[in-house]
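Close look at the chain arrangement
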Amino acid sequence: MKDEEGGRMKTPHILVVDDELSMRELLEFMLEREGYEVSCAVNGMNAISMIKATSFDLLLCDIRLGDITGLEVLKVAKKENPHTVVIMISAYSSAETAVEAMNEGAYDYVPKPFDNNELKQTIAKALELRTIAQEKRLLDDELKKHLHFNRIVGNSPKMHHVYEMIRQVCKTTTNVLITGESGTGKELVARAIHEKSDRRDQPFVSINCGSIPETLLESEFFGHKKGAFTGADQNKKGLFEMANKGTVFLDEIGEISSSMQVKLLKAVQDKAFIPVGGSESISVDVRFVSATNRKLENEVIEGRFREDLFYRLNVIEIRLPPLRERKEDLRILAQHFLEKYSSEMGKRMTKISSYAIDLLNKYDFPGNIRELENLIERSVALSNTNILLPDNLSISIHKRTWMEEEKERGVDIDAMAQGVSLDDILEGIERAYIQKALDLSKGNQKMTARLLDINTRSLRYRLKKLNL
Ligand SMILES: Nc1ncnc2c1ncn2[C@@H]1O[C@H](COP(=O)(O)OP(=O)(O)OP(=O)(O)O)[C@@H](O)[C@H]1O
Ligand SMILES: [Mg+2]
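Here the structure is a predicted model, which is why all the values come from computation and not from measurement. (Residues numbered from 1 in each chain as written. Chains lettered and ligands numbered in written order. Predicted model: local features only at pLDDT ≥ 70, side-chain atom pairs only at ≥ 80, totals over all residues. Heavy atoms only, no water.)

Topic: the confidence of the model for the protein
Low pLDDT marks stretches whose predicted atomic positions should not be read closely. Residues at a pLDDT of 70 or more form 89% of the protein, whose mean pLDDT is 86. Taken as a whole, residues 1-8 scores under 50 in pLDDT and shows ten contacts with residues more than four places along the chain or in a different chain. (pLDDT = per-residue confidence, 0-100. Contact = heavy atoms within 4.5 Å.)

As for the site of ligand 1
In the vicinity of ligand 1 there are 17 residues, among which Ser182, Gly183, Lys186, Arg370 and Glu373 approach most closely. Measuring from an oxygen atom of ligand 1, one finds a side-chain N or O atom of lysine 186 at 2.6 Å. Here an oxygen atom of ligand 1 sits 2.7 Å away from a polar atom, N or O, in the side chain of arginine 370. A total of 630 Å² of accessible area belongs to ligand 1 in isolation, and the protein chains cover 85% of it. Those elements that place two or more of their residues in the shell around ligand 1 are α7 (186-196), α13 (330-344) and α15 (368-382). By residue class, the composition of the shell around ligand 1 is six nonpolar, five polar and six charged. When residues of the shell around ligand 1 are assigned to domains, at least three fall in each of domain 2 (157-321) and domain 3 (325-405). (Near = heavy atom within 4 Å. Polar contact = N/O pair within 3.5 Å; in protein donor to acceptor, adjacent residues only side chain to side chain. Areas by Shrake-Rupley, 256 points an atom, 1.4 Å probe, with all protein chains shown as cover. Helix = DSSP H or I, 4+ residues; strand = E, 2+ residues; numbered from the N terminus. Nonpolar A, V, L, I, M, F, W, Y, C, P; charged D, E, K, R; others polar. Domains from an automatic or database assignment.)

Points about the sheet that holds strand β6 (residues 176-179)
Read from one edge to the other, the open sheet built from five strands follows the order β7-β10-β13-β6-β14, with strand pairing classed as parallel. Strands at the two margins of the open sheet, each flanked by one partner only, are β7 (204-208) and β14 (316-319). Recorded for the sheet is a direction-independent mean angle of 20° between the axes of neighbouring strands. The pairing of β7 with strand β10 (residues 247-251) spans five bridges and is parallel. (Pairing = 2+ DSSP bridges. Axes fitted to C-alpha atoms, helices over the stretch in contact; angles between N-to-C directions.)

Things to note about the side chain of threonine 292
Relative to the elements of secondary structure, threonine 292 occurs in strand β13 (residues 287-292). For threonine 292, a relative accessible area of 1% corresponds to the buried category. Side-chain polar atoms of threonine 292 contact the backbone nitrogen of arginine 294, separated by 2.9 Å. (Buried < 20%, exposed > 50% of the residue type's maximum accessible area, 1.4 Å probe, protein only.)

Here we look at the pairing of strand β4 (residues 85-90)
With six of six residues buried, β4 is to be regarded as a mostly interior element. Of the two faces of β4, the one lined by Val85, Ile87 and Ile89 and the one lined by Val86, Met88 and Ser90 are each fully buried. In the sheet, strand β3 (residues 58-62) pairs with β4 via five bridges, with the strands oriented parallel. Bridge pairing in β4 places cysteine 61 opposite methionine 88. Where the polypeptide runs from β3 across helix α3 (residues 70-80) and back to β4, its parallel neighbour, the crossover connection is right-handed. Bridge analysis of β4 against strand β5 (residues 108-111) gives four bridges, and the strand direction is parallel. Paired with isoleucine 87 across the strands is aspartate 108, a residue of β5. (Right-handed = clockwise from strand over helix to strand, strands pointing away.)

A closer look at the pattern of salt bridges
Within this structure, the stated rule accounts for 23 salt bridges. A salt bridge links glutamate 164 to arginine 167; the shortest N-O distance between them is 2.6 Å. With glutamate 164 and arginine 167 both in helix α6 (residues 157-169), this residue pair falls three residues apart, about one helical turn. On the basis of relative accessibility, which here comes to 34%, the residue glutamate 164 falls in the partly exposed class. The exposure class of arginine 167 is partly exposed, given its relative accessible area of 36%. Connected via shared salt-bridge partners are Glu255, Arg294, Glu299, Glu302 and Arg304. (Salt bridge = Lys/Arg side-chain N within 4 Å of Asp/Glu carboxyl O.)

Observations concerning the nonpolar core
In terms of nonpolar packing, the biggest core is built from 37 residues, with Leu360, Phe365, Leu372 and Leu388 touching the most fellow members. Counting residues per element, this core draws most heavily on α13, at seven residues. Each of domain 3 (325-405) and domain 4 (411-468) contributes no fewer than three residues to this core. Formed by 30 residues, the second largest nonpolar core is a distinct cluster that contains Ile207, Phe221, Phe240 and Val268. (Core = buried A, V, L, I, M, F, W, Y, C linked by side-chain atoms within 4.5 Å.)

Concerning α7
Buried within α7 are the following residues: Lys186, Val189, Ala190, Ala192, Ile193 and His194. Buried residues in α7 make contact with α6, β6, β7, β10, β13 and β14.

Regarding the sheet that holds β3
If you walk across this open sheet you meet the five strands as β2-β1-β3-β4-β5, and the pairing is parallel. Unpaired on one side and paired on the other, β2 (37-41) and β5 mark the two borders of the sheet. For this sheet, the mean inter-axis angle between neighbouring strands, taken without regard to orientation, is 20°. Sitting on the sheet, helix α1 (residues 21-33) is in contact with β1 (13-17), β2, β3 and β4, with an inclination near 170° to β2. Its contacts with the sheet put α3 on β3 and β4, and the angle it makes with β4 is roughly 175°.

Topic: the packing of aromatic side chains
The description of two aromatic rings rests on the distance between their centres and on the angle between their planes. If you walk through the whole model with that rule in mind, you get nine aromatic pairs. Considering the side-chain rings of phenylalanine 240 and phenylalanine 273, the 6.0 Å spacing of their centres and the 90° angle between planes classify their relative orientation as edge-to-face. Pair noted here: phenylalanine 240 is in helix α9 (residues 239-242) and phenylalanine 273 is in strand β11 (residues 272-273), with a separation of 33 residues, a long-range link. Since its relative accessible area comes to 1%, phenylalanine 240 is described here as buried. Linked through ring pairs, Phe221, Phe222, Phe240, Phe273 and Phe288 together constitute an aromatic cluster. (Phe/Tyr/Trp six-rings, centres within 6.5 Å; stacked < 30°, edge-to-face > 60°.)

Observations concerning the packing of α13 against α15
Taken N-terminus to C-terminus, the directions of α13 and α15 make an angle of 45°; their axes are 9 Å apart at the nearest point. Considering their axes alone, α13 and α15 lie oblique with respect to each other. Regarding α13 and α15, the two cross each other, and that crossing is right-handed. From α13, Leu330, Leu333, Ala334, Phe337, Leu338, Lys340, Tyr341 and Ser342 reach across to α15, where they touch Ile369, Leu372, Glu373, Ile376, Glu377 and Val380. Looking at side-chain class alone, the contact of α13 with α15 contains ten nonpolar, one polar and three charged residues. (Parallel < 35°, antiparallel > 145°, perpendicular 65-115°, else oblique. Left-handed = near helix turned anticlockwise from the far one by under 90°.)

Right, dumping it as structure tokens:
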């Protein structure tokens, strides 16, 4: 467990509040032996002044204290620090006081005499839950802090660089080219640029250049006049005109044909165009943001993309890093999607097990954030616990992770010249996969078999054969 500074958790500090000396001594002795730091208060007022002076992780508080009641101490403790865990103890337990204490935020109510071991367990459990809740709060804070770029989640230095770029370009009308692999968030960034600019109340018009047939693209861009071509039975405004005063997002710009490139260049240069079948030019005030997952420089070198258009659109380039180059964002991204889909599906999933995060960390996500998002969505749909466990993650990710490792290890086919034993090679591979599956599922045979897509009987047979 880590604390706020990322170091080891400090020893939990417990305050024992009881007016009876023997009880204080018993609890102090018992809890110090458990490794906690323990302080004692002899009555209610004493407890309150200590609570105001120091922050305690946990309070063990008797109900009858001689002066004020334990319930009043509870109220003050919760007011001073809502994260303090309070456990009430009393020999005079009535259901009513218990309910009242719980309503005031007590974690539990323990009747006297109590079983020492049970009390120790209750305390350990309460502190553990508190750290889980604390961890989640930290994550929530982090999420909140870094959601300020219009739903863009990420706290890695590379993403901070992206945010800085967005901040700089959103004040200008400079044309921006966003590059990055598929699923890295190019469209999200394009929208953020628009929403952070003075144009935010004007239209954001997105055109996917790759999905519109060449013959239609010109009319989509610039509009057409009635009778311009078969089927043009009335005048139609183009998307550039609709985006007037706003932003045009040219998605997959690398896909447009060379004849369209000429027309687009002219429109971008002049901020004016002539609708298909028209004669008069229409001027517009638009900012162009384009995106591509191709290496446009290479397309230019190879003559597939006009150099002049490239420089027009690419006044400033924002490069989005692939997810594998900013693994430190994986956790908050996964948590973000978990909460999104959990609430969409009416589930109550709040946390991802650290082990599941470890698994995700081993995978290199060729489909980037979109792939992670889909994976979490599927996992949420399939799970019925409130914590996302490794078993809920799609099996394909486990298999693909190992394949990557296997590839890295490299099977030595060149050794063939000296002759090889195919059985030995296959047995080696079998052993490596089974061992890995066993590790991943912490020795659980059922899960191991599932990961390997064999039945448990076959697994047991192989374990015996391989002496595993
Ligand atoms: N940093 C991020 N924070 C939160 N969600 C993100 C982030 N990056 C991407 N996404 C989500 O991942 C999905 C893919 O993002 P987007 O469509 O912007 O990617 P893209 O780079 O345009 O991909 P493509 O090249 O395939 O069009 C979207 O659902 C988007 O909301
Ligand atoms: Mg896109």
